[in-house]
Amino acid sequence: MRGISLYVHIPFCAARCPYCDFATAPATSALRARYLDALVAEIAREGALLGRPRVRTIYVGGGTPSLLEPDEVGRLARALAEAFTVRPREVTVEANPATLDRARLEAWRAFGVTRLSLGAQSFSGRGLRALGRTHQPDDVAPAVDAGRSVGLRVSLDLIFGWPGQTPAEWRADLGAAISLGVDHLSCYPLELELTREDAVANWPGGGWPTLARWRAATAATQPDDRAIAVLYAMAHRHLARAGYRHYEIANWARPGSRSLHNAVYWRSGEWLGVGAGAHSHLAGARSHQPAALPAYIERVERALGRIADAAGDPAAEEAMLRLRLDTGIDIGRSAARWGTPASARIRGALVTSARRGLIRWSGERATLTPRGRILANEVFVRLLP
Ligand code: SF4
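The rules behind each value
- Residues numbered from 1 in each chain as written.
- Predicted model: local features only at pLDDT ≥ 70, side-chain atom pairs only at ≥ 80, totals over all residues.
- Helix = DSSP H or I, 4+ residues; strand = E, 2+ residues; numbered from the N terminus.
- Rg over C-alpha atoms; globule rule 2.2 N^0.38 Å.
- Buried ≥ 20, exposed ≤ 12 C-beta atoms within 10 Å, placed from the backbone.
- Arc of directions from axis to C-beta.
- Contact = placed C-beta atoms within 7 Å.
- Near = placed C-beta within 6 Å.
- Nonpolar A, V, L, I, M, F, W, Y, C, P; charged D, E, K, R; others polar.
- Pairing = 2+ DSSP bridges.
- Domains from an automatic or database assignment.

1. Section: the overall build of the protein
Here is step 1: Counting its regular elements, the protein contains 15 helices and 17 strands.
Here is step 2: Relative to a compact globule of 385 residues, whose C-alpha radius of gyration would be 21 Å, the protein shows 21 Å and is just as compact.
Here is step 3: Dimensions of the protein along its principal axes, counting C-alpha atoms only, are 55 × 50 × 45 Å.
Here is step 4: For the protein, the proportion of its 385 residues judged to be buried stands at 41%.

Quick look at the structure:
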């Protein structure tokens, strides 16, 4: 194996943000200890099964990995070093702006982190309240400075399209991120999943009915699709003017600051995901672990390994992922990889989308137009067999 990327899932959060679909759980010390035991065992097992491959990029996501104590970070680093040949070009850790103290930051530096991904979401108190976030707008700038002070690149996540958000408020959020001079920005529209998710079982309290009520009420008062498209176009314009390249549907980077790890996902590369709810793509096959913590821990304890995903359509999946990038898809290479019938079907779907102004052709290469980025799902649906 030429090397893989590694995703490590740390599910713990100080509180559950009601819009969030990730596999999360309360950060109690008993649960953390049980989870880390399972995670370390899974890392050792996977490292042995895969023949101790070289790890080229690492992404520690969650959840809120920055909640781990320094000794827990050290334990994770030792487990990875024993199981894999760890010589990564990029190591990212996700952090909540309010939970990043000096001792934790030093522990992550010792882990080898090169990049900090901060869940800012908004610089507006109204926005953070609308999203049910627990941190404050003033927490973000010190967290950016703290990351920079130890030599890390910094990426910020922002969410737009929350209830009552005006274009002026979104412009202010973009302006605040730009003025902090971060290297990378991810901007996501608020999308609320209205079907029950497995990770709800990890949390005490009202469970899914309470979350479903919040989501239904929030969805009913969000800006409509047209207004969201206006906010998205604003991000494209303002960030371009500030020197950020819109290199993926939801991601912008200063020169040399694109995410190497996420590029592996978008280019259908090889990655192993460990931890609750983590997904993997190895040797052309997709697999995952359960999002509910008891199910995940039990699976690892019984040495059952990852759950294979139902076989999809790999040519269509690759096309959808590649189209997310500004480099798009080379249909000639797709034909060489997947054969004529699959690539002819994809070409036909893209030609139809081009007639609707959603795709631009340059020779054999197809990319999304600005309108195509907003309506990407329309393009993607046509690619399916
Ligand atoms: S802190 Fe992040 S991962 Fe945790 S619940 Fe909130 S959005 Fe989800």
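2. Here we look at unusual backbone geometry
Here is step 1: Geometrically, the link from Gly-62 to Gly-63 is a cis peptide bond, its omega value of 15° lying close to zero.
Here is step 2: With respect to the helices, strands and loops of the structure, Gly-63 is situated in the loop between strand 4 (54-62) and helix 2 (70-83).
Here is step 3: Even without a glycine there, the phi angle at Ala-303 is positive, about 50°.
Here is step 4: For Ala-303, the position within the fold is in the loop between helix 10 (293-301) and strand 14 (307-308).
Here is step 5: Classification of Ala-303 by C-beta neighbours within 10 Å gives exposed; the count is 9.

3. Things to note about helix 10
Helical periodicity: at 3.6 residues per turn, an α-helix aligns residues three or four positions apart in one direction.
Here is step 1: Buried within helix 10 we find Leu-293, Tyr-296, Ile-297 and Val-300. On an axial view of helix 10, the arc spanned by its buried residues comes to 95°, and they lie on one face.
Here is step 2: Buried residues belonging to helix 10 abut strand 3 (25-26) and helix 1 (29-49).
Here is step 3: Just downstream of helix 10 lies Ala-303, where phi reads positive at about 50°.

4. Quick look at the site of the ligand
Here is step 1: Around the ligand, the structure places Cys-13, Arg-16, Cys-17, Cys-20, Phe-22, Thr-24, Gly-62, Gly-63, Thr-64, Asn-96 and Gly-119.
Here is step 2: Here the shell around the ligand is built from residues that sort into four nonpolar, six polar and one charged.

5. Some thoughts on the sheet that holds strand 16 (residues 359-362)
Across a sheet, paired strands are connected by hydrogen bonds in the backbone, their directions being either parallel or antiparallel.
Here is step 1: With respect to topology, three strands assemble into an open sheet ordered 15-17-16, the strand pairing being antiparallel. Each edge of the open sheet is held by one strand with a lone partner, namely strand 15 (329-330) and strand 16.
Here is step 2: In terms of strand pairing, strand 16 meets strand 17 (residues 365-368) through four bridges, oriented antiparallel. Paired with Trp-361 across the strands is Ala-366, a residue of strand 17.

6. Thoughts on the domain arrangement of the protein
Interface size is often expressed as the accessible area that is lost when the parts come together.
Here is step 1: Domain parsing of the protein yields domain 1 (4-266) and domain 2 (312-385).
Here is step 2: Spacing between the C-alpha centres of domain 1 and domain 2 amounts to 28 Å.
Here is step 3: Listed by partner, the interface residues are nine residues for domain 1 and nine residues for domain 2.
Here is step 4: Put simply, the parts of the chain that give the side of domain 1 that touches domain 2 at least two residues each are helix 8 (225-241), strand 9 (245-248) and helix 9 (260-266).
Here is step 5: Partitioned by chemical class, the residues of the side of domain 1 that touches domain 2 number six nonpolar, two polar and one charged.

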